[in-house]
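# Report on the structure
Spelled out from the first residue to the last, the chains are:
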Amino acid sequence: MKKFFYGFVCLVVVALGILHSEESDNRAKIVYVKISDSQNGSNKDSFNKPVYIGQTIPVTYSLLLFSNARFSGTEFVGGINTNQLILRNPNTKWRLSSDGTYQAVYRYKIKALNASIPALKVIAVSSDGDYTDFSIAPAIHLNVIDLYQNQNYVGVVADEFRITGYRAKTYDASHNILVFEVEAKNANLEDMKLPNIDKQGFESTHFGWDNSDGIYYCIVPKSVQEISFEYFSLKDNHFQDVSLPVLPVDDVVSTQDDIKPKNNLLLFSNLVLIGLMVVFLVVYFFFGRKKIFLVIIGVLLAYWLWNVFSRHQGVMLANKQIRILPTHNSTVLETTKTNIQVEIIGKHGKYYKVVTTDDKIGWVKKNDIQ
């Protein structure tokens, strides 16, 4: 009898489970997601116009929640192949729009010819927390074009790209250094690389979704009088040429053949000393001719003479770095192998601007100079 009762209970439990499962399967959908119809053809699971390696494309998703369901999360079906595609804003938020739908803009950077955007699964939970539902926005197939077949291509696609300033200076006996400021809109400025130049890179940067800018440098042989490259204009849909002359402009050209920079630090300090001596001289003659003023003038005169006739030199220690700019993350021009003699021609914060015996100019930490 007990065995019969136990078996009956088991049958009832199984039957109730089946009924609950069928009831859950028949429940109305509480979540629906799609790719925005305003997307460039993406409502047809593909982009109509070509996209380019390096380009970042925005995709807008629209989400509807029914019966007071709660948004739970998202995931990409099959994941994202980071060799093909990068999601640049993984923490994007879904925001309520005026039409009652939730929207999110995902920004994808294209990295390979075979890149495609995987399907996006959106998960929601019923208001009573009784069950979970999901909806899937389809994958998007991309028509990717590789622009690197152009050997003069700098690797940047942009709505706008412009050089706001540039300057060339002597780097050493056989090279010049060109530094320029660049601004771009809707661009992959971080991928910029000038063709056929070994030593180059960004010094300071700001890479944003819409606007990017940075200071770029390159070191070229003295025989190179101009650099030229091309970026791809997304607005004009073709390559645009950029050319920059490499004409070194040094602060002062001496009577000798060598080009030497002007020592602004010495000039400023000398002018200050001369001004102080004039002030104390006037005070001496018009306010009692006290000896203390003569003493002060004598001290200032002695320091001024020392400042004029002594060279501001120091010894840079071995295994220390000379940088392009006075910042800790600036590009290293050279690392000293032994102690070397340098001339100090400027300072900024914790850095000295120095000239080496072979006429290289850069910034070094003050603690690296004796």
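What counts as what
- Residues numbered from 1 in each chain as written.
- Predicted model: local features only at pLDDT ≥ 70, side-chain atom pairs only at ≥ 80, totals over all residues.
- Heavy atoms only, no water.
- Helix = DSSP H or I, 4+ residues; strand = E, 2+ residues; numbered from the N terminus.
- Buried < 20%, exposed > 50% of the residue type's maximum accessible area, 1.4 Å probe, protein only.
- Contact = heavy atoms within 4.5 Å.
- Core = buried A, V, L, I, M, F, W, Y, C linked by side-chain atoms within 4.5 Å.
- Pairing = 2+ DSSP bridges.
- Axes fitted to C-alpha atoms, helices over the stretch in contact; angles between N-to-C directions.
- Patch = residues over 30% accessible without salt bridge, like charges linked within 9 Å, V, L, I, M, F, W, Y side chains within 5 Å.
- Areas by Shrake-Rupley, 256 points an atom, 1.4 Å probe, with all protein chains shown as cover.
- Salt bridge = Lys/Arg side-chain N within 4 Å of Asp/Glu carboxyl O.
- pLDDT = per-residue confidence, 0-100.
- Phe/Tyr/Trp six-rings, centres within 6.5 Å; stacked < 30°, edge-to-face > 60°.
- Lys NZ or Arg CZ within 6 Å of the ring centre and 35° of its normal.

### Some details on the overall build of the protein chain
Check the secondary structure of the protein chain and you find 3 helices and 27 strands. Counting all 370 residues of the protein chain, 38% fall into the buried class. The contacts of the protein chain with a sequence gap of at least 6 include a subset with a gap of at least 24, amounting to 62%.

### Structural notes on the nonpolar core
Residues Tyr61, Trp94, Tyr106, Tyr108, Ile117 and Leu142 are the most contacted members of the largest nonpolar core, which totals 29 residues. For this core, the secondary-structure elements that each account for two or more residues are strand E1 (31-35), strand E3 (56-65), strand E5 (85-87), strand E7 (102-110) and strand E9 (120-125). If you look at the next biggest cluster of nonpolar residues, it comprises 24 residues, including Val154, Phe161, Ile197 and Leu244.

### Regarding the sheet that holds strand E10 (residues 132-137)
What the 3 strands build is an open sheet, ordered E4-E9-E10; its pairing is antiparallel. The two strands at the open ends of the sheet, each matched to only one other strand, are strand E4 (70-76) and E10. Ignoring strand direction, the axes of neighbouring strands in this sheet form an average angle of 25°.

### Focus: the pairing of E7
By the bridge criterion, 8 bridges tie E3 to E7 in an arrangement that is antiparallel. Of the residues in E7, the one forming a bridge with threonine 56 is lysine 109. With 2 bridges connecting them, strand E6 (residues 95-96) and E7 associate as antiparallel partners. Bridge pairing in E7 links leucine 96 to tyrosine 102. Connecting E6 to the next strand, E7, in antiparallel fashion are 5 residues, including glycine 100 with a positive phi near 90°.

### Some words on a nonpolar patch on the surface
Among the surface-exposed residues, Ile274, Val278, Leu281, Val282, Phe285, Phe286 and Phe287 lie close enough to one another that they form a single nonpolar patch of about 700 Å² accessible area. Position of phenylalanine 287 relative to the elements: it lies in the loop between helix H2 (264-286) and helix H3 (291-309). Using a relative accessible area of 57% as the deciding quantity, one classes phenylalanine 287 as exposed.

### Topic: the pattern of salt bridges
A complete count under the given rule lists 7 salt bridges for this structure. The salt bridge partner of glutamate 160 is lysine 235, with a shortest N-O separation of 3.3 Å. Taken together, the residues glutamate 160 in strand E14 (residues 160-170) and lysine 235 in the loop between strand E18 (226-233) and strand E19 (238-245) connect sequence positions 75 residues apart. Residue classification places glutamate 160 among the partly exposed positions, given a relative accessible area of 36%. Note on lysine 235: relative accessible area 55%, which makes it exposed. Among the salt bridges present, the one from arginine 162 reaches glutamate 183, with a minimum N-O distance of 2.8 Å. Here the residue arginine 162 occupies a position in strand E14, and glutamate 183 occupies one in strand E15 (residues 175-185), the gap between them amounting to 21 residues. Three or more residues are tied together by salt bridges with common partners; here these are Arg88, Lys109, Glu190 and Asp191.

### Observations regarding the confidence of the model for the protein chain
Interpreting fine coordinate detail is not advised for predicted regions of low pLDDT. Residues of the protein chain with pLDDT of at least 70 account for 82%, and the chain-wide mean is 81. Within the model, pLDDT remains below 50 along residues 40-46, and this stretch shows 18 contacts once partners closer than five positions in the same chain are excluded. Scored below 50 in pLDDT, residues 251-263 shows 18 contacts in the model against residues more than four places distant or in partner chains.

### Thoughts on the packing of aromatic side chains
Tallied over the entire structure, the rule returns 15 aromatic pairs. Ring centres of phenylalanine 71 and tryptophan 94 lie 6.1 Å apart, and the angle between their planes is 45°; this geometry places the pair in the tilted category. Of the two residues, phenylalanine 71 sits in strand E4 while tryptophan 94 sits in the loop between E5 and E6, which places them 23 residues apart along the sequence. Residue tryptophan 94 is classed as buried on the basis of its relative accessible area, which comes to 14%. When the ring of phenylalanine 76 is compared with that of tyrosine 108, the centres are 6.3 Å apart and the planes differ by 75°; the resulting orientation is edge-to-face. Of this pair, phenylalanine 76 sits in strand E4 while tyrosine 108 sits in strand E7, and the two are 32 residues apart along the sequence. On the accessibility criterion, phenylalanine 76 (18% relative accessible area) is buried. Cluster of aromatic residues (ring-pair linked, three or more members): Tyr61, Phe71, Phe76, Trp94, Tyr106 and Tyr108. Note that lysine 29 overlies the ring of phenylalanine 134, its terminal NZ or CZ placed 5.5 Å from the centroid. Looking at lysine 121, its charged tip hangs above the ring of phenylalanine 134, at a distance of 4.3 Å from the centre.

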